[in-house]
Amino acid sequence: MSSKTENGQHGIRISFEFFPPKSEEAETQLWNTVADLTEWEPDFVSVTYGAGGSTKAPTLSAVRRMIHETPFTTASHLTCVGATREDTHRVIDDLLAAGVRRFVALRGDPPGGVGSAYQPHPGGYANAAELVSALRERGDFDISVSAYPEKHPESRDTAADIDMLKRKADNGANRALTQFFFDNDVFERYHDRVRAAGVKIPVVPGIMPIQNLTQLKRFAGACGTHIPSWLDERFEGLDDDADKRADVAADVAAEQIEDLARRGIHEFHLYTMNRSPLVNAVLDRLRIRRKTDARAGAAA
């Protein structure tokens, strides 16, 4: 992939993920974060969708506002778990009515949560590949899907996992957004295997700036992400120093992105956790230009 040097020292392009708020306080935090991150001019942003449609109303509300009140090109997550095809089609209709033309098509976690047994709904789409096909039949949408450098927890092996990604790509996906990871060698080996399998769509690394290492470990354990020992070493002794923890977290994410950029990857999907300070710090370290910086340069 060629470097686009107009943004950041490695021609880095970015997108952001947000999740729908569940309280008034969380809603205020989300929109403050959105306002704060607007100046980075991401390629697009995505809004997550709860398993079994559990956050349909908040997702619709957030997506509608994102599309109509912000400059962001906005994608809505869409899942098919626990739903009939008719139910899924109704959700798609609602999202289209809200202005959505970009989707992140996912099977979704089982109702019992990550790690519990998954059973396809007898009248629904069995997996994300089928969901991508259904979306593609509805229109010329931009469709992202998921990818797992360390294998989906439910996949038999990496080969089966990559075969599912290929099915999603063959059915019309435009790109894959990966689960977060911290070992770039693992990603590079995965990327090589994906290309060898004939998957040609971009595989965009998902980057998780570490807001809280303890919480991250719990989440990583459920989704199959390995936490390398060097992360513990980087954060050692910083339990009572929030500012230093934030500095280390920003350094870790920026270093990961810089290393991947040197390996030829230039698109990154950042999991914001609806908080802007750490994301801002990461992008500042990468010397990505804010919109205000660009205006100031033109005025000079």
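The chain has the name Methylenetetrahydrofolate reductase in an unreviewed UniProt entry, where Rhizobium leucaenae is given as its organism. The chain has a UniProt comment under Catalytic activity (unreviewed entry) that states "(6S)-5-methyl-5,6,7,8-tetrahydrofolate + NAD(+) = (6R)-5,10-methylene-5,6,7,8-tetrahydrofolate + NADH + H(+)". One UniProt comment on the chain, placed under Cofactor (unreviewed entry), says "FAD".

Asker: How should helix 6 (residues 184–196) be read in this particular structure?
Answerer: Residue pairs three or four apart in sequence face the same way in an α-helix, which turns once every 3.6 residues. Taking 1.5 Å per residue, 13 residues should reach 18 Å; helix 6 reaches 18 Å between its end C-alpha atoms and fits that length. Of all the positions in helix 6, only Asn 184, Val 186, Phe 187, Tyr 190, His 191 and Val 194 are classed as buried. The arc that holds every buried residue of helix 6, seen down its axis, measures 145 degrees, which confines them to one face. Opposite the buried face of helix 6, by more than 90 degrees, sit the exposed residues Arg 189 and Ala 196. Taken together, the buried residues of helix 6 touch strand 5 (142–147), helix 5 (158–170), strand 6 (175–180), strand 7 (203–207) and helix 9 (242–262). Where helix 6 starts, the residue carrying a side-chain oxygen 2.9 Å from the main-chain nitrogen of Asp 185 turns out to be Asp 183. The first or second residue beyond helix 6 is Gly 198, which carries a positive phi of 90 degrees.

Asker: Would you mind going over the side chain of Arg 290 with me for this structure?
Answerer: Mapped onto the secondary structure, Arg 290 falls in the loop between helix 10 (277–285) and helix 11 (291–299). Its relative accessible area of 19% is what places Arg 290 among the buried residues. Beyond its immediate chain neighbours, meaning those up to four positions away, Arg 290 contacts Glu 39, Trp 40, Asn 280 and Asp 284.

Asker: So what exactly am I meant to see when it comes to the nonpolar core here?
Answerer: Here is a general trend for soluble globular proteins: nonpolar side chains tend to be buried in one another's company. Counting residues in each nonpolar core, the largest one holds 80 residues, and the members touching the most others are Phe 16, Phe 18, Phe 103 and Leu 283. If one sorts the elements of this core by residue count, helix 9 sits on top with eight residues. Those residues in contact with Phe 103 that lie beyond four places of it in its chain are Ala 75, Ser 76, Leu 78, Ile 92, Leu 95, Leu 96, Leu 135, Phe 141, Asp 142, Ile 143 and Ser 144. Formed by six residues, the second largest nonpolar core is a distinct cluster that contains Phe 44, Ala 75, Leu 106 and Val 204.

Asker: How do you make sense of the environment of Lys 151 when you look at a structure like this?
Answerer: Positionally, Lys 151 belongs in the loop between strand 5 and helix 5. Lys 151 sits in the partly exposed class, given a relative accessible area of 22%. Remark: the alpha-carbon pair of Lys 151 and Thr 225, spanning 74 residues in sequence, is separated by 8.6 Å. With near-sequence residues (within four places) excluded, Lys 151 lies in contact with Asp 157, Thr 158 and Asp 161.

Asker: What should I look at first to understand helix 3 (residues 85–97) in this one?
Answerer: An ideal rise of 1.5 Å per residue puts 18 Å on 13 residues; helix 3 measures up with 18 Å between its terminal C-alpha atoms. Of all the residues in helix 3, the buried ones are Thr 88, Val 91, Ile 92, Leu 95 and Leu 96. For helix 3, the buried positions fall inside an angular range of 140 degrees around the axis, keeping them on one side. As for helix 3, its buried residues are in contact with helix 2 (56–69), strand 3 (74–79), strand 4 (102–106) and helix 4 (128–138).

Asker: Whenever I open this one, the pairing of strand 1 (residues 13–18) confuses me. Can you help?
Answerer: Across a regular strand the side chains alternate sides, sitting on one face of the sheet and then on the other. The buried fraction of strand 1 is high, at five of six residues. The sheet contact formed by strand 1 and strand 8 (residues 267–271) spans five bridges and is parallel. Along strand 8, the bridge assignment pairs Glu 17 with Tyr 271. Pairing of strand 1 with strand 2 (residues 45–47), which is carried by three bridges, proceeds in the parallel orientation. Paired with Phe 16 across the two strands is Val 45, which belongs to strand 2. As a crossover connection, the stretch from strand 1 through helix 1 (residues 24–37) into strand 2 is right-handed.

Asker: Hey, could you run me through the pairing of strand 6 in this one?
Answerer: In terms of burial, strand 6 is a largely internal element, six of the six residues being buried. Here strand 5 pairs with strand 6 via four bridges, running parallel. Note on strand 6: the bridge partner recorded for Ala 147 is Thr 178. The parallel pair strand 5 and strand 6 is bridged by helix 5, and the resulting crossover is right-handed. With three bridges connecting them, strand 6 and strand 7 associate as parallel partners. Across the sheet, the residue bridging to Leu 177 is Val 204, located in strand 7. In this view, the connection linking strand 6 to its parallel neighbour strand 7 by way of helix 6 has right-handed handedness.

Scoring rules and cut-offs
Per chain, residues are indexed from 1 in the order of the written sequence. Selection of residues for local features in this predicted model requires a pLDDT of at least 70, selection of side-chain atom pairs for listing and counting requires 80 or more, and totals for whole chains, interfaces and linings are taken over all residues. Here the side-chain values reflect all heavy atoms present in the structure, with hydrogen atoms and water set aside. UniProt positions are given in the numbering used here, feature names are shortened, and annotations may be inferred rather than shown by experiment. To qualify as a helix, a DSSP run of H or I must reach at least 4 residues; to qualify as a strand, a run of E must reach at least 2; elements of each kind are numbered from the N terminus. Residue count minus one, scaled by 1.5 Å, sets the expected span of a helix. For every residue, the accessible area obtained with a 1.4 Å probe (protein chains only) is divided by the maximum for its type, and the residue is called buried under 20%, exposed over 50%, and partly exposed between those limits. What the arc covers is the set of directions going from the helix axis to the C-beta atoms. By definition in these notes, contact holds between two residues if any of their heavy atoms fall within 4.5 Å. What qualifies as a polar contact is a pair of N or O atoms within 3.5 Å, subject to a donor-acceptor requirement within protein and to the restriction that residues adjacent in sequence count only when both atoms come from side chains. We define a nonpolar core as any set of buried Ala, Val, Leu, Ile, Met, Phe, Trp, Tyr and Cys residues linked to one another through side-chain atoms lying within 4.5 Å. Here, a strand pair is defined by DSSP locating no fewer than two bridges between the strands. If the strands point away from the viewer and the path from the first strand over the helix to the second runs clockwise, then the crossover is right-handed.

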